Amino acid sequence: IFKVFLAGYFKYIFGVALFSALLFLILSSQISSFHDLGSIELVTFIFLYIFFYTVFFTLVPSFNVFNNRKLFVKYSLIAQVSGFCMGVIALHLYKSPLPWLFCQLVPYMLLLFWVYRDFSTYFKTPQVITKISYKEILSFSLPVAFSTLFIWFIGQGYRFVIEARAP
């Protein structure tokens, strides 16, 4: 059942990524500040980044939510550290920021095979689903949701209170 769900999900994300890239291509022709950039390379990056980043960061945090923190930490650390290291090397080799961006994408693309394999293995048996405690999921998710709300308010939302008090 998960393979069918994931296949549909991958198609959906593929469509969103394709639509976003095409929309950027159309809008970039209208915005003069984008004329200096290589549109095809940037559109390719946008498509690939939206697709692989979204898929990677849908599957990997689910390990954490379903009590497999080792896989979550392993894949998160490998992706972040390798992307940073490759990006630093790219900054020394190229003058354009686009190679840095592609270096942030490469780990997600390369690791996705192993993430998918582990995800399929971990959720292969229905017993995993029956072991899921929604109380544990909520006890993990709700504090994260509240802290995210407060972080957003401190960083961005405070202006609504200030603007409401302004004459």
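Just so we're clear, the structure is a prediction, and the values are computed from it rather than from any experiment.

Draft legend 1. The overall build of the protein, seen in detail. Looking only at helices and strands, the protein has 6 helices and 0 strands in total. In the protein, the proportion of contacts linking residues at least 24 apart, taken out of those at least 6 apart, comes to 66%. For the protein, the accessible surface area stands at approximately 11,700 Å², while carbon and sulfur atoms represent 73% of it.

Draft legend 2. Focus on a nonpolar patch on the surface. A cluster of nonpolar side chains, namely Leu-138, Leu-142, Phe-146, Leu-149, Phe-150 and Trp-152, defines an oily patch on the protein surface of about 640 Å² accessible area. Relative to the helices and strands, Phe-150 resides in helix α6 (residues 134–165). Residue classification places Phe-150 among the exposed positions, given a relative accessible area of 52%.

Draft legend 3. Highlighting the pattern of salt bridges. Summed over all chains, the structure comprises 1 salt bridge. The partner of Asp-118 in a salt bridge is Arg-117, with the nearest N and O atoms 3.6 Å apart. Residue Asp-118 is classed as buried on the basis of its relative accessible area of 14%.

Draft legend 4. View of the nonpolar core. Counting residues in each nonpolar core, the largest one holds 29 residues, and the members touching the most others are Phe-52, Phe-56, Leu-59, Tyr-75, Leu-112 and Val-115. Of all the secondary structure elements, the ones that give two or more residues to this core are α1 (2–28), α2 (39–65), α3 (69–93) and α4 (98–122). Per-element tally for this core: the top contributor is α2, with 13 residues. Setting aside residues up to four positions removed in sequence, Tyr-75 forms contacts with Phe-56, Val-60, Phe-63, Leu-111, Trp-114, Val-115 and Asp-118.

Draft legend 5. Quick peek at the packing of α3 against α4. Packing of α3 against α4 leaves a shortest axis separation of 8 Å and a crossing angle of 155 degrees. Relative to α4, α3 is oriented roughly antiparallel. For the crossing formed where α3 meets α4, the hand is right-handed. Residues belonging to the contact of α3 with α4 are distributed by class as follows: 18 nonpolar, 5 polar and 2 charged.

Draft legend 6. Molecular detail of α4. Taking 1.5 Å of rise per residue, the 25 residues of α4 would be expected to cover 36 Å, and the 36 Å separating its terminal C-alpha atoms lies within 8% of that figure. Most pronounced at Leu-112, the bend in α4 amounts to some 45 degrees.

Draft legend 7. Examining the packing of α2 against α4 more closely. Running from amino to carboxyl end, α2 crosses α4 at an angle of 35 degrees, the nearest separation of the two axes being 8 Å. In the crossing of α2 with α4, the sense of the turn from one axis to the other is left-handed. Taken together, the residues that form the contact of α2 with α4 break down as 24 nonpolar, 1 polar and 2 charged.

Draft legend 8. Structural view of the packing of aromatic side chains. A full pass over the atoms with the stated rule returns 18 aromatic pairs. Between Tyr-49 and Tyr-108, the aromatic rings sit 6.4 Å apart at their centres with planes inclined by 65 degrees, giving edge-to-face as the arrangement. Of this pair, Tyr-49 sits in helix α2 while Tyr-108 sits in helix α4, and the two are 59 residues apart along the sequence. Taking relative accessible area as the criterion, Tyr-49 reaches 25% and is therefore assigned partly exposed.

Draft legend 9. Seen up close, α3. Under the 1.5 Å per step criterion, the end-to-end length of α3 is 36 Å for 25 residues, consistent within 8% with the ideal 36 Å. As for α3, its buried residues are in contact with α2 and α4.

The rules we used
- Residues numbered from 1 in each chain as written.
- Predicted model: local features only at pLDDT ≥ 70, side-chain atom pairs only at ≥ 80, totals over all residues.
- Heavy atoms only, no water.
- Helix = DSSP H or I, 4+ residues; strand = E, 2+ residues; numbered from the N terminus.
- Contact = heavy atoms within 4.5 Å.
- Areas by Shrake-Rupley, 256 points an atom, 1.4 Å probe, with all protein chains shown as cover.
- Patch = residues over 30% accessible without salt bridge, like charges linked within 9 Å, V, L, I, M, F, W, Y side chains within 5 Å.
- Salt bridge = Lys/Arg side-chain N within 4 Å of Asp/Glu carboxyl O.
- Buried < 20%, exposed > 50% of the residue type's maximum accessible area, 1.4 Å probe, protein only.
- Core = buried A, V, L, I, M, F, W, Y, C linked by side-chain atoms within 4.5 Å.
- Axes fitted to C-alpha atoms, helices over the stretch in contact; angles between N-to-C directions.
- Parallel < 35°, antiparallel > 145°, perpendicular 65-115°, else oblique.
- Left-handed = near helix turned anticlockwise from the far one by under 90°.
- Nonpolar A, V, L, I, M, F, W, Y, C, P; charged D, E, K, R; others polar.
- Expected span 1.5 Å × (residues − 1).
- Bend = angle between axes of the 7 residues up to and from the residue.
- Phe/Tyr/Trp six-rings, centres within 6.5 Å; stacked < 30°, edge-to-face > 60°.

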